[in-house]
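Results of the structural survey
Letter by letter, the chains look like this.
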Amino acid sequence: MINFKLKDFDKINPVGQEPDLCLSWFWLTDGDLWLKFGDQIIYEYSKEALQHFGHKLTPYNDYYIVRFLEDFTGIFEKISKSIPNDFYRLTENLQQFKSEAQTWLDIYETDEDEYSDFYFEEYSKLISWTYERLFDSAHLIGGPHLSFFRHKDKIRIVWDTEHTLENGICLWTAKDGSFEMNYSDFIIEVKKFGQNFFQAMDKQIELTLSKDWQDVKVDKVRLVEEHKERKDEFDKSLIFLEQEINDITDWTEIEKLYERMKSEIK
């Protein structure tokens, strides 16, 4: 499900400008990342995009994988909370729900004061459950939006990947879509990613410690400390996925807002 390949150690470049070059744990996570759900691959550039960019060596998102790690684990607590069945069914066509909500918002746009109050009091509450379970890859041009919705023993992953460059080229191979799987299998895949990633980083740290970096600033003591901290943080984040967490979301209010929206946009 979650695939990656760290950059070869001898190809990792320190950051900054000479004579102030440095290297830290963050920069050692440089590599390729791609997600596979069914027959769709997220973070895979189209052939046309690769030809346009010219210099890319692989078809995948090449960036610091820690950025994905931080964004993904940051929504684990929300992912773990099961949403009501009626709203889970809406995620089969999440774009339609968001479009209807936008239509509802537009109705109130004629009056600036009323629009502002409505936006925060009704519209935001209605769609809050969707954005709480989303991360947007904002560090990338046309970065995919990924959302994760659990209902009991199932989870649906929804992605918005269709982005066209100014020259008309489609950026990614994946089309907007979704994929449903068992929640227990999802946890297994997340754990597998974490295990593989930190094992790969163990090797990166080992090589970094054994190398003489000369004028490049490398705090080797801090490097070892941060590596352990990062592994501990990931392990702690898994607790959110595995435990039942009390959900304080007022689904009754959201359901009422949804029914009101449906009646007002007719």
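Our structure's up above, just so we're on the same page.
Residues numbered from 1 in each chain as written. Predicted model: local features only at pLDDT ≥ 70, side-chain atom pairs only at ≥ 80, totals over all residues. Heavy atoms only, no water.

**A look at the packing of helix α8 (residues 183-210) against helix α9 (residues 220-242)**
For the pair α8 and α9, interaxial distance at closest approach is 11 Å and the crossing angle is 175°. In terms of orientation, α8 lies roughly antiparallel with respect to α9. Note on element contacts: α9 touches α8 through K220, L223, V224, H227, R230, K231, F234, L238, L241 and E242, opposite Y183, F186, I187, V190, K191, G194, F198, M201, D202, I205, T208 and L209. Its residues assigned to classes, the contact of α8 with α9 comprises 13 nonpolar, three polar and six charged. (Axes fitted to C-alpha atoms, helices over the stretch in contact; angles between N-to-C directions. Helix = DSSP H or I, 4+ residues; strand = E, 2+ residues; numbered from the N terminus. Parallel < 35°, antiparallel > 145°, perpendicular 65-115°, else oblique. Contact = heavy atoms within 4.5 Å. Nonpolar A, V, L, I, M, F, W, Y, C, P; charged D, E, K, R; others polar.)

**Quick word on the sheet that holds strand β6 (residues 134-135)**
Strand order in the open sheet formed by four strands is β6-β7-β8-β9, with antiparallel pairing between adjacent strands. Whereas interior strands pair on both sides, the edge strands pair on one side only; in this sheet they are β6 and β9 (177-182). Here strand β8 (residues 154-160) runs beside β9; their pairing, made up of six bridges, is antiparallel. By the bridge assignment for β9, I155 is matched with M181. (Pairing = 2+ DSSP bridges.)

**Side note on the packing of aromatic side chains**
Under the criterion given, the structure shown has 39 aromatic pairs. With a centroid separation of 5.8 Å and an interplanar angle of 50°, the aromatic rings of F198 and F234 are classed as tilted. Residue F198 is found in helix α8, and its partner F234 is found in helix α9; the two are separated by 36 residues along the sequence. By relative accessible area, which is 6% here, F198 ends up buried. Take F234: its relative accessible area is 5%, and that puts it in the buried class. Stacked on the ring of Y131, the Lys or Arg K98 has its end atom at 5.0 Å from the ring centre. (Phe/Tyr/Trp six-rings, centres within 6.5 Å; stacked < 30°, edge-to-face > 60°. Buried < 20%, exposed > 50% of the residue type's maximum accessible area, 1.4 Å probe, protein only. Lys NZ or Arg CZ within 6 Å of the ring centre and 35° of its normal.)

Function cannot be read off these values alone, since they describe shape.
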